[in-house]
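So the chains spell out like this:
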Amino acid sequence: MSLFAATRRWARRGGVLAAPGTWLRRAVTQSGMERAALLQAIKASVAAVIAWVIAADVLHFSQPFLAPWSAIFIVAATVYRSIHSAAQQLAAAFIAVILASVATGLIRWDLLALFVAVLVGLLIGQWRFFGDSGTWIGITALLIMTSGSMEESALVDRLIETAIGAAIGIAVNAAIAPPVYQLKAADAIARVAEDLADVLEHMGEAAISDDRQRFDSGMRARAAVVLMRDAEQAVALDRESRRLNPRLRTGGVGSDHENILSALRHAWSHVEELGKTLQTTRQESGPFEERTRQCLADMFAQLADLVRRCSDDTATATDVEQSAADAGRRLDSVEQILESTDSVTISSVARLVTITAPARHIIRELSSR
């Protein structure tokens, strides 16, 4: 191996080893998903310690492992999810205790009893109600049966420990910086809007270009689907994080992200129609006349500005209305060309009609967000 190749390999390894440090530095210095993940990890650790202290040192359970176990998994991405997960965990623990008790009481051979309890627990865990907690039915039954005492009082203790951990997990997640994902949703929507605006600007460039292959609407539409799906997931997480969140109940504001994303989603369908129309007409009939080209370019540029205004959290309703009015005037200029048929060909008139209708729909969708 050459020295150069060895150097490159060690550089790659160094990058991998440095990645945790880079992630931690971003988590400490920048507001983002890294910091949110670090905060949730700290909260889960705090909840585990508190649950252990209460179960072991205050209530003096003999094997209080289920309390911190439950607390860690209850500290979820949102307060609502913590409460929902707590219900799943408690139900899973209850079924696990019943399985362990029944299997031990009915089956004399310990290994067979363990096999049956775990098997039945894993199968019951497939029920959609349990979600991600379903797997823990079989695992919890395994832990209970291999941890020692199977007396009735010990089994009840296991349920109490799970309830303690669930309560502590919910309390910690709700009391210490309950998570809200407004910034993540806003960033995702901004990416959708920027991509949409970029598409419209490319259409403007294609309108004044002599190149018949300048715009590929199909490729851009496929990219938009991915961005839109990411934005929908981010908005859904933001919406969930606001449910039962004490931070928002004490002065938080509502989110307009769903309305903005809905407007962008409907506008996208019309932009896709515009792209296909522009691509087809240019390939079949060639460029527009010079005056028409410039009017179309101005219209697409103003539509792009309207998209950015619509998704900008700092833009007021007046700003959006003004941008929509400007886009409407640009569209009117294009439609005026249709009325002066002496200056354009019949072919251009037909092509412009298929462009102005989707453009009008885009303005309506975005101005009514």
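Everything below is about the structure printed above this text.
Each chain carries its own residue numbering, running from 1 in the written order of its sequence. Note on the predicted model: pLDDT of at least 70 is required for a residue's local features to be given, and 80 or more for side-chain atom pairs to be given and counted; whole-chain, interface and lining totals, by contrast, use all residues. The side-chain numbers reported here are obtained from all heavy atoms of the structure, hydrogens and water having been left aside.

Enquirer: What is the right way to read the overall build of the protein from this model?
Expert: A helix here means a DSSP run of H or I that spans at least four residues, while a strand means a run of E at least two residues long, and both kinds are numbered starting from the N terminus. Within the protein, the regular secondary structure consists of 14 helices and 0 strands. Along its sequence from the N terminus, the protein presents helices and strands in the succession α-α-α-α-α-α-α-α-α-α-α-α-α-α. Within the protein, buried positions represent 41% of all 369 residues. Residues are treated as being in contact if the distance between any of their heavy atoms lies within 4.5 Å. Considering only contacts within the protein whose residues lie at least 6 apart along the sequence, 78% involve residues at least 24 apart. Buried means the residue's accessible area, taken with a 1.4 Å probe over protein chains only, is under 20% of the maximum for its type, while exposed means over 50%, and partly exposed covers the values in between.

Enquirer: I tried to follow the pattern of salt bridges on my own but got confused; where do I start?
Expert: Two side chains of opposite charge can pair, provided their charged atoms sit close to one another. One speaks of a salt bridge when a side-chain nitrogen belonging to Lys or Arg is within 4 Å of a carboxyl oxygen belonging to Asp or Glu. According to the stated counting rule, one finds 13 salt bridges in the structure shown. The partner of Arg158 in a salt bridge is Glu161, with the nearest N and O atoms 2.7 Å apart. One end of the pair, Arg158, and the other, Glu161, are both in helix α7 (residues 152-175), 3 residues apart, so they sit about a helical turn from each other. Each member of the pair, Arg158 as well as Glu161, carries the same accessibility label: buried. Among the ionic pairs, Arg308 bridges to Glu201, the shortest N-O distance being 2.9 Å. Within this pair, whereas Arg308 is found in helix α12 (residues 290-311), its partner Glu201 is found in helix α8 (residues 182-208), the two being separated by 107 residues in sequence. Judged by its relative accessible area of 30%, Glu201 falls in the partly exposed class. Taken together, the salt bridges that share partners define one network made up of Glu194, Glu201 and Arg308.

Enquirer: Is there a simple way to explain the side chain of Thr356 in this structure?
Expert: Within the secondary structure, Thr356 is located in helix α14 (residues 346-367). A distance of 3.3 Å separates a polar atom in the side chain of Thr356 from the backbone oxygen of Val353. Sequence-distant contacts of Thr356, defined by excluding residues within four places in its chain, comprise Leu331, Val334, Glu335 and Leu338. Pairs of N or O atoms within 3.5 Å make up the polar contacts considered here, provided that, within protein, one atom can donate a hydrogen while the other can accept it, and that residues adjacent in sequence are counted only when both atoms are side-chain atoms.

Enquirer: So what exactly am I meant to see when it comes to the environment of Glu321 here?
Expert: The topology assignment puts Glu321 in helix α13 (residues 317-339). Separated by 12 residues in sequence, Glu321 and Arg309 have C-alpha atoms that sit 9.4 Å apart.

Enquirer: Looking at this structure, I do not really get the nonpolar core. What am I missing?
Expert: Of all hydrophobic cores here, the largest spans 48 residues; its most connected members are Leu264, Met299, Phe300, Leu303 and Leu366. Considering every element that reaches this core, the biggest residue donor is α8, with 12 residues. If we skip the residues at most four places from it in the chain, Leu303 touches Leu200, Ala327, Ala359, Ile362 and Ile363. Residues belong to one nonpolar core when they are buried, are Ala, Val, Leu, Ile, Met, Phe, Trp, Tyr or Cys, and are joined through side-chain atoms within 4.5 Å. With 15 residues, the next largest nonpolar core counts Ala92, Phe130, Ile137 and Ile144 among its residues.

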